[in-house]
Amino acid sequence: MRYHDGLMWSRLQTAAVVEGGMLYGLYGKGIDLVPWEKTIVAAFGLLFVGALYALMLTDRADIQDHKKRMQDFEKAFPFVSSKPAWQRAPVFVHPAGLLLLATNLAVLKIGRA
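Note that the structure is predicted; figures quoted are calculated from it, not measured. Residue indices begin from 1 for each chain and proceed along its sequence in written order. Reporting of local features is limited, given that this is a predicted model, to residues whose pLDDT is at least 70; pairs of side-chain atoms are given and counted only at 80 or more, and all residues count toward the totals for whole chains, interfaces and linings. Side-chain numbers come from the whole structure's heavy atoms, not from hydrogens or water.

A few words now on the overall build of the chain. Along the chain, the regular secondary structure elements total three helices and zero strands. Runs of E in the DSSP output that reach at least two residues are strands. Runs of H or I that reach at least four are helices, and both are numbered from the N terminus. Reading the chain from its N end, one meets helices and strands in the order α-α-α. In this scheme, a residue with accessible area under 20% of its type's maximum is buried, one over 50% is exposed, and one in between is partly exposed, where area comes from a 1.4 Å probe on protein chains only. For the chain, buried positions account for 12% of its 113 residues. Only the protein chains shown count as covering a residue, and every accessible area follows the Shrake-Rupley method with a 1.4 Å probe. As presented, the chain carries roughly 9,500 Å² of accessible surface, and 70% of it is formed by carbon and sulfur atoms.

What follows is the structure in structure tokens.
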């Protein structure tokens, strides 16, 4: 699922860049286009962004299908952790987060000195 989310966000970022480029091409300083050229630039931008949006929608549908298959599999074959409770993530995540926070605060303090 992370791959599909990353792919979807990459496509959204690409669409934003294309939209920004199209707007700069239409209204940018020093760019003199006649009206019919502006129409062509806007049409190509619209088509390209529309295609990326359609791909994002199909990505979302693929994600939902994959998620449903994984949930069905997990119901059929439940996962049971073999680790004792004290070795599971929260015990390690909280101290690691506090250590990172303390390190960042120390770096900020050193940077100000």
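What follows continues from the structure just given.
Right, let's get into the pattern of salt bridges. Salt bridges, as used here, are contacts in which a Lys or Arg side-chain nitrogen is within 4 Å of a carboxyl oxygen on Asp or Glu. In total, this model carries one salt bridge according to the counting rule given. For Asp72, the salt bridge goes to Lys68, with nearest N and O atoms at 3.3 Å. Of this pair, Asp72 and Lys68 both sit in helix 2 (residues 35-76), four residues apart, which is roughly one turn of the helix. For Asp72, a relative accessible area of 37% gives the class partly exposed.

Patch definition: residues with relative accessible area over 30% and no salt bridge; like charges joined within 9 Å; nonpolar side chains (Val, Leu, Ile, Met, Phe, Trp, Tyr) joined within 5 Å. A cluster of nonpolar residues, Val34, Trp36, Ile40, Phe44 and Leu47, forms a patch on the protein surface that exposes about 560 Å² of accessible area. Following the sequence through the fold, Val34 ends up in the loop between helix 1 (2-27) and helix 2. In this structure Val34 comes out as partly exposed when scored by relative accessible area, which is 37%.

This part is about the confidence of the model for the chain. Each residue carries a pLDDT score, the predictor's confidence in it, ranging from 0 to 100. Per-residue pLDDT for the chain averages 80, and the proportion of residues at 70 or more is 85%. Within the chain, helix 3 (residues 89-112) has the poorest average pLDDT of any element, 76, and helix 2 the best, 85.

Side-chain rings of Phe, Tyr and Trp (the six-membered ring for Trp) are treated as a pair once their centres are within 6.5 Å; stacked means planes under 30 degrees apart, edge-to-face means over 60, and tilted covers the remaining angles. In this structure the tally under the stated criterion is one aromatic pair. Both rings, one in Phe73 and one in Phe77, keep their centres 5.1 Å apart while their planes meet at 45 degrees; by these two values the pair is tilted.

Taking 1.5 Å of rise per residue, the 42 residues of helix 2 would be expected to cover 62 Å, and the 61 Å separating its terminal C-alpha atoms lies within 8% of that figure. Those residues of helix 2 that fall on the buried side of the exposure criterion are Gly45, Val49, Leu52, Met56, Asp59 and Ile63. The span you would expect from a helix comes to 1.5 Å times its residue count less one.

We now examine the environment of Leu26. Note that Leu26 resides in helix 1. On the basis of relative accessibility, which here comes to 9%, the residue Leu26 falls in the buried class. Distance from Leu26 to Val41, taken between C-alpha atoms, is 7.3 Å for residues 15 residues apart in sequence. Any two residues having at least one pair of non-hydrogen atoms within 4.5 Å are treated as being in contact. Discounting chain neighbours no more than four positions away, the residues touching Leu26 are Lys38, Val41 and Ala42.

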